[in-house]
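Analysis of the macromolecular model
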Amino acid sequence: MAKGGSGGIVSHPIVSDIDHYKPYMDTQEKVDWLKDHHSKTLTEQEAQATIAAAENYSLSGYSKIHNGKSPKETALIDAMIEDPKAPVYAKTQYRGIHVSQSDLGGQDPKAWIEDIIKTGVWKEPGVSSFSATKSTAMSFGHFGYNKPGEIHILITNHGKTTGMPFKHISECTSENEVLHSAKQMLAGIKITGYHTNKAGNEYFIEVDDSLPLKGGKKK
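Okay, so let's go over this structure. (Residues numbered from 1 in each chain as written. Predicted model: local features only at pLDDT ≥ 70, side-chain atom pairs only at ≥ 80, totals over all residues. Heavy atoms only, no water.)

Describing the overall build of the chain
A tally of helices and strands in the chain yields seven helices and 12 strands. In terms of overall size, the chain behaves like a compact globule, its C-alpha atoms giving a radius of gyration of 17 Å where 219 residues would be expected to give roughly 17 Å. Seen along its three principal axes, the alpha-carbon backbone of the chain occupies a region of about 50 × 35 × 30 Å. In the chain, 74% of the contacts between residues at least 6 apart in sequence involve partners at least 24 apart. Accessible area for the chain stands at about 10300 Å²; split by element, carbon and sulfur atoms hold 53% of it. (Helix = DSSP H or I, 4+ residues; strand = E, 2+ residues; numbered from the N terminus. Rg over C-alpha atoms; globule rule 2.2 N^0.38 Å. Contact = heavy atoms within 4.5 Å. Areas by Shrake-Rupley, 256 points an atom, 1.4 Å probe, with all protein chains shown as cover.)

Comments concerning the packing of helix α2 (residues 44–57) against helix α4 (residues 71–82)
Close contact between α2 and α4 brings their axes to 9 Å; oriented N to C, the two are set at 105°. The angle between α2 and α4 falls in the class roughly perpendicular. Residues A49, T50, A53, A54, N56 and Y57 of α2 touch α4, and the partners they reach there are E73, L76, I77 and M80. Of the residues belonging to the contact of α2 with α4, the class tally is seven nonpolar, two polar and one charged. (Axes fitted to C-alpha atoms, helices over the stretch in contact; angles between N-to-C directions. Parallel < 35°, antiparallel > 145°, perpendicular 65-115°, else oblique. Nonpolar A, V, L, I, M, F, W, Y, C, P; charged D, E, K, R; others polar.)

Things to note about the nonpolar core
Within the largest apolar cluster, 23 residues are counted, with the highest numbers of intra-cluster contacts made by I77, M80, M164, F166 and I169. Within the residue set of this core, elements represented by two or more residues are α1 (27–36), α2 and α4. Among the elements that take part in this core, α2 stands out by supplying five residues, more than any other. Core analysis: the second largest hydrophobic core is formed by 21 residues, I151, Y203, I205 and V207 among them. (Core = buried A, V, L, I, M, F, W, Y, C linked by side-chain atoms within 4.5 Å. Buried < 20%, exposed > 50% of the residue type's maximum accessible area, 1.4 Å probe, protein only.)

Some thoughts on the packing of aromatic side chains
The full count for this structure, using the stated rule, is five aromatic pairs. Aromatic side chains F143 and F204 sit 5.5 Å apart centroid to centroid with 40° between the ring planes, which places their arrangement in the tilted category. With F143 in the loop between α6 (134–140) and β8 (150–157) and F204 in strand β12 (residues 202–208), this residue pair connects regions lying 61 residues apart in the sequence. Overall, F143 belongs to the buried group, its relative accessible area being 12%. Consider the rings of Y194 and Y203, whose centres lie 6.2 Å apart with planes at 15°: the pair is stacked. The pair Y194 / Y203 is uniform in exposure class, with both members buried. Three or more aromatic residues joined by ring pairs make a cluster, and in this case those are Y57, Y62 and F166. (Phe/Tyr/Trp six-rings, centres within 6.5 Å; stacked < 30°, edge-to-face > 60°.)

Brief notes about the pairing of β12
In terms of burial, β12 is largely enclosed, as seven of its seven residues are buried. Going residue by residue along β12, you find E202, F204, E206 and D208 tucked away on one face and Y203, I205 and V207 tucked away on the opposite face as well. Sheet analysis places β8 next to β12, joined by six bridges and oriented parallel. Bridged to N157 within β12 is V207. As paired elements, strand β11 (residues 189–196) and β12 share six bridges and run antiparallel to each other. Bridge pairing in β12 places K190 opposite D208. (Pairing = 2+ DSSP bridges.)

Quick look at the structure:
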């Protein structure tokens, strides 16, 4: 059993190996996979549209879809992830982010992240990808490449109850992606704790998607 992005209990298939499904599928194989892992009978055209949106997310369409600027593609991807027959990756997941002062229009990134932590909930503007590999997430967070006015964030999701393994669909298979729906990320995932490095420019934030959205505390 696993929780759906809406908070209801959904009996998703459980996958514990990010390579469980054949990597390097061609587009037609992905379409066929989706038809087999969707509770509604999809037409060829519907399945093709969903896979096209998912592949686009993994390439140049990431920013637009992640930031909620492509509602049609978002709806297709969300329907794929949240369908009861969609698998859930049941291991720890990681997301790496780096944020600069210029990204925030001049706001201090440390003040920005501290304010988020105080809310007790980690949110994103749309469809979001975590990784099954910690080192991959840290590379996206630019850990080890410290610049003035920039912070590095590693989100570790211990809940293991949501997130669809995406490696077999993504065009960037090396990222070992686990995809979370916009519906889920707009609601958010509970923050259970955090710590920083001595310099205070690296934030390690713990979240748990199996817990209700209430509060958060520093370790």
